[in-house]
Amino acid sequence: TLMLTTVLMLTLTSMSQGHSLDFDGATSNYVALPTFQPSGSYTKEAWIRARTFAAFSNNIVSGSTNAFWAPNGNLSSGHNFNYFTVSDGATMNINQWYHVAVTYDAGTNTMILYKDGVQVSTGNPVGSYSETVQYIGAYNDGSTIAYLWDGQIDEVRIWNVVRTPTEIANSANCLLTSDEFGLLAYFDFEQGIAGGSNPSEITLINRADRCFQQDGTLIGFGLAGATSNWVAPAS
C-alpha cells in the first residue's frame, strides 16, 4: 500500500491508502512467514497503526530469538531475550500511522531504531542471533505464539542488508520495484476486499523478485468485517 507522505527534515507524516491487514490482538491473528530468515545483517520496515498497547505485546516482525515490537507503545528491538536493546522513550499514539524500521549490522554488532525516518535509539554491542521462524504480528516464546499485534500493519519489507537512514526515509512512502538489492521480502498488502468477505484470501503475497515464491500464511483471521481482515486503513 502506498503511503502518501510529506518529508520534512526526514520526518514523515503519513496518510495510508489502499489496503492493510487488521490484527485483532486477541484471537491469535498473525502471519507466518516462510524460511527466508536473515542470518546476519538485516533491515526490517513496516507501517503500523495500533488500536491498543500493552506490556510485553504488540510484535511487528519477530521470531523466537529476535523481536521488533512496541510494548506499551515504546518501539523496541533486540536479540536473544534482550528485546529492549534499542528502545524509543517516546510512547506512540494509538490510532496513528507510523513508519518504523530497525537495522542490525552483524559486522559492527550495531542496532539502530527508526521512527518516521528519524533515528530514535542505537545499541552496541548487540549479540548475534540464530533464527528459524519469523512472524508478522506475533512472537514465538518457545512454547506458544503470542504477544500479538492489535491494530493494522502495512508495507512490510525485510532486507539482508543494512539500509542507510536516507534509504529508509526516501523509500518509506514509495512502492518498490521488487528487485532492489538485498530485498528478501516485500509485502504490500494489496489484497482482498476491504472490510468484505475474504475467506479464501489467506496468503500474503511476497512481491520480492525471487526465483521461487515465498509467501506468508494468515493464521486465525476472521476475514470478514472491520477487524481481523483486509481493510482500507484510515489516515
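Below is a short write-up of the structure. Predicted, not measured: the structure shown is a model, and the values here were computed from it.

**Comments concerning the overall build of the protein chain**
And step 1. A tally of regular secondary structure across the protein chain gives one helix and 20 strands.
And step 2. In terms of C-alpha radius of gyration, the protein chain reaches 16 Å, essentially the compact-globule figure of 18 Å for 235 residues.
And step 3. In terms of principal-axis extent, the alpha carbons of the protein chain reach across some 45 × 45 × 40 Å.
And step 4. For the protein chain, with 235 residues in total, the buried portion stands at 54%.
And step 5. A separation threshold of at least 6 residues defines the contact pool for the protein chain, and within that pool the share at least 24 residues apart is 65%.
And step 6. Summed over all atoms, the accessible surface of the protein chain reaches about 9300 Å², with 54% contributed by carbon and sulfur.

**Concerning the pairing of strand 16 (residues 150-159)**
And step 1. Most of strand 16 is tucked away: 10 of the 10 residues are buried.
And step 2. Note that strand 3 (residues 20-24) and strand 16 share four bridges and pair antiparallel. Bridge assignment links D22 to a residue of strand 16, and that residue is Q152.
And step 3. Pairing analysis gives seven bridges linking strand 5 (residues 42-50) to strand 16, with the strands arranged antiparallel. When the sheet's bridge partners are listed, I48 is paired in strand 16 with I153.
And step 4. Pairing analysis gives four bridges linking strand 16 to strand 17 (residues 183-187), with the strands arranged antiparallel. Note on strand 17: the bridge partner recorded for I158 is A185.

Thresholds applied
- Once a new chain begins, its residue numbering starts again from 1 and follows that chain's sequence as written.
- Totals for whole chains, interfaces and linings use every residue, but because this is a predicted model, local features are given only for residues with pLDDT of at least 70 and side-chain atom pairs only at 80 or more, for both listing and counting.
- Excluding hydrogens and water, the side-chain figures rest on all heavy atoms present in the structure.
- Runs of E in the DSSP output that reach at least two residues are strands. Runs of H or I that reach at least four are helices, and both are numbered from the N terminus.
- Here the globule rule is a power law, 2.2 Å times the number of residues to the power 0.38, and the radius of gyration is based on C-alpha atoms.
- Think of it in three bands: residues with accessible area under 20% of the maximum for their type are buried, residues over 50% are exposed, and the middle band is partly exposed, with areas taken using a 1.4 Å probe on protein chains only.
- Residue contacts are counted whenever heavy atoms from the two residues lie within 4.5 Å of one another.
- Exposure was quantified through the Shrake-Rupley algorithm and a 1.4 Å probe, taking into account, for residues, occlusion by the shown protein chains and nothing else.
- Strands pair, by our definition, only if DSSP identifies at least two bridges between them.

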